[in-house]
Amino acid sequence: MSQQYQTPGTPRIISPTPTPTESHRDSYFAPITRSATAKRHNSPSPISEDPESDSPSSDSSLEKRARSRSRSPKTQAKRQKEAAASKASQLTKKPPDGAVSEANGHLSPSSATSTDSSYWRSISRSPSPLGLIPIHRHWRSFVHRHEIPRKALHVSIGFFTLHLYTRGTSAASIHPWLLGALIPIASADYARHTFPAFNRFYIRVLGALMRESEVDGYNGVIWYLLGAWTVLRFYPKDVGVMSVLLLSWCDTAASTFGRLWGRYTPRLRREKSLAGSTAAAVVGAITAVVFWGWAVPTYGRGDEGFMFKGQLGLPKAVKDAIGLKEAQGVVGGWVALGIVSLCSGLIASASEVVDLFGWDDNVTIPVLSGLGLWGFFKVFG
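What counts, and where the lines are drawn
Residues numbered from 1 in each chain as written. Predicted model: local features only at pLDDT ≥ 70, side-chain atom pairs only at ≥ 80, totals over all residues. Heavy atoms only, no water. Helix = DSSP H or I, 4+ residues; strand = E, 2+ residues; numbered from the N terminus. Buried < 20%, exposed > 50% of the residue type's maximum accessible area, 1.4 Å probe, protein only. Contact = heavy atoms within 4.5 Å. Areas by Shrake-Rupley, 256 points an atom, 1.4 Å probe, with all protein chains shown as cover. Patch = residues over 30% accessible without salt bridge, like charges linked within 9 Å, V, L, I, M, F, W, Y side chains within 5 Å. Salt bridge = Lys/Arg side-chain N within 4 Å of Asp/Glu carboxyl O. UniProt positions renumbered as here; feature names shortened; annotations may be inferred. 1 Å grid on protein atoms, 1.4 Å probe; cavity = no way out; pocket = protein on both sides within 12 Å on 5 of 7 lines; lining within 4 Å. Points joined across faces, edges and corners; volume = space filled by probe spheres on them. Nonpolar A, V, L, I, M, F, W, Y, C, P; charged D, E, K, R; others polar. Polar contact = N/O pair within 3.5 Å; in protein donor to acceptor, adjacent residues only side chain to side chain. Phe/Tyr/Trp six-rings, centres within 6.5 Å; stacked < 30°, edge-to-face > 60°. Expected span 1.5 Å × (residues − 1). Bend = angle between axes of the 7 residues up to and from the residue.

Caption draft 1: Geometry of the overall build of the protein chain. Scanning the protein chain for helices and strands turns up 16 helices and six strands. Relative to its full complement of 381 residues, the protein chain shows a buried share of 34%. Long-range pairs, those at least 24 residues apart, make up 65% of the contacts in the protein chain between residues at least 6 apart in sequence. Total accessible area on the protein chain is roughly 24500 Å²; 61% of this is exposed by carbon and sulfur atoms.

Below you can see the structure in the form of structure tokens.
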């Protein structure tokens, strides 16, 4: 009975011209009339928020999923901070034609070859910008970053000075040679700023010993010779020799350790950190022990006119004020050497930090170190 009166299925009404939507339907939901079809054609289609929904290879199941997070580990706060820092570090520079252009904050070899090379001196003295000297581009780590050839020459002057002392060479016979070398080197440096062809040849030959900030300025060798000549010419022999040794070894130690660990220590002034100053003080104390504790007793002579003769004492006015006798208030031996070594390290560190009228530190370090040692020995020697 149920099979005889079974309800027939609802017939499907198909329009004469089926729409693309109808042709792609996989299953039947409801009858579609011509009026409904016209209404679909007249109504605008919704805009998809998924940019990948229009792709023919997109999957409906994947579109329903939430979009994955960016693979970059940086958060939005870090991105905003870095964007603000990069915007603040953008530099402006005036080209030769008078137009003002903005730089992107990066040091590039192409921009470093600008005719206005003095612009780079306002950024940094050490390390200097890359691109002005060809050998610095080819040996970036060995020559540009660590300055191995320059530091080797810097340190070797100290060993050469100590070798001359052990041979009994007097300071009066050395400073004329320094002055004789200073004149032609300074003249050559002046000539390279006058003749561009000679400047290119000069940089090609001696570029490994130069900083790129010295391209538009005078070579550091000139100031090195001037500082060494000054202390050996006007200071007593032990003070002059010690000043050259402090220049040679303490300055190199301060530069090396300052670049390695200066970022982790407080900054004393521009380009000077506590790490570099501490290294200069330690090396200065060791240098004083080597010179006055080993070189002078082994190779020195009694008629050299040294300011430090193995003893330190309080000034007479201080003794009278505190009621000490003439023989009291005097120390000698290793105690006096330890005090002198400690003071030498502090003096070397202070002279390395001080900025004296913007002069080159190859002049200020030996002159100020010698002046500090001379004053110390004048009071306590």
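Caption draft 2: Seen up close, a nonpolar patch on the surface. On the surface, F195, F198, F201, V205 and L206 cluster together into a nonpolar patch covering about 460 Å² of accessible area. For F201, the position within the fold is in helix 10 (residues 196-206).

Caption draft 3: Quick peek at the UniProt feature "transmembrane region" (unreviewed entry) in the protein chain. Summarizing the sequence annotation, UniProt attributes the feature "transmembrane region" (unreviewed entry) to residues 241-262, 274-295 and 363-380 in the numbering used throughout. Note that residues 363-380 is 100% helix and 0% strand, and that its end C-alpha atoms are spaced 26 Å apart.

Caption draft 4: Just empty space enclosed by the protein, in detail. Summed over all chains, the structure comprises one cavity of 30 Å³ or more. By volume, the largest cavity amounts to about 50 Å³. Taken together, T161, Y165, T169, S170, A171, I174, L232, K237 and V241 make up the lining of the largest cavity. Counting only elements with at least two residues in the lining of the largest cavity, the list comes to helix 8 (148-166) and helix 12 (237-261). Residues belonging to the lining of the largest cavity are distributed by class as follows: five nonpolar, three polar and one charged.

Caption draft 5: Molecular detail of the environment of T230. Tracing the chain through its elements places T230 in helix 11 (residues 220-234). The exposure class assigned to T230 is partly exposed, which follows from its relative accessible area of 22%. A sequence separation of 55 residues divides T230 from H175, and the C-alpha atoms of the two residues are 8.1 Å apart. Excluding residues within four positions of it along the chain, T230 makes contact with Y235 and V367. Only 2.7 Å separates the side chain of T230 from the backbone oxygen of L226, close enough to count as a polar contact.

Caption draft 6: Seen up close, the packing of aromatic side chains. As enumerated under the stated definition, the model contains 15 aromatic pairs in all. For the ring pair Y165 and F306, a centre distance of 6.3 Å and an interplane angle of 25 degrees mean the geometry is stacked. Taken together, the residues Y165 in helix 8 and F306 in the loop between helix 13 (274-299) and strand 5 (311-313) connect sequence positions 141 residues apart. Neither residue differs from the other here; Y165 and F306 are each classed as buried. Both rings, one in F376 and one in F377, keep their centres 5.6 Å apart while their planes meet at 65 degrees; by these two values the pair is edge-to-face.

Caption draft 7: Just helix 12, in detail. For helix 12, built from 25 residues, the straight-helix expectation of 36 Å at 1.5 Å per residue is met to within 8% by its first-to-last C-alpha distance of 35 Å. Along helix 12, the sharpest kink reaches roughly 25 degrees, centred on L246. Within helix 12, 19 of the 25 residues are buried, leaving the element largely enclosed by the surrounding structure.

Caption draft 8: Structural context of the environment of I222. Relative to the helices and strands, I222 is located in helix 11. According to the relative accessible area criterion, I222 is buried, its value standing at 8%. Separated by 39 residues in sequence, I222 and I183 have C-alpha atoms that sit 8.9 Å apart. Setting aside residues up to four positions removed in sequence, I222 forms contacts with L182, I185, A186 and D189.

Caption draft 9: Focus on the pattern of salt bridges. Per the counting criterion, the structure on display carries four salt bridges. The partner of D189 in a salt bridge is R192, and the shortest N-O contact between them spans 2.6 Å. Within this pair, D189 and its partner R192 are both found in helix 9 (residues 175-194), separated by three residues, close to a single helical turn. Judged by its relative accessible area of 1%, R192 is buried. In this structure, E352 and K272 form a salt bridge, with 2.7 Å as the shortest nitrogen-oxygen distance. Remark: K272 occurs in strand 4 (residues 272-273) and E352 occurs in helix 15 (residues 333-353); sequence separation between them is 80 residues. For the pair E352 and K272, a shared accessibility class is recorded, and that class is buried.

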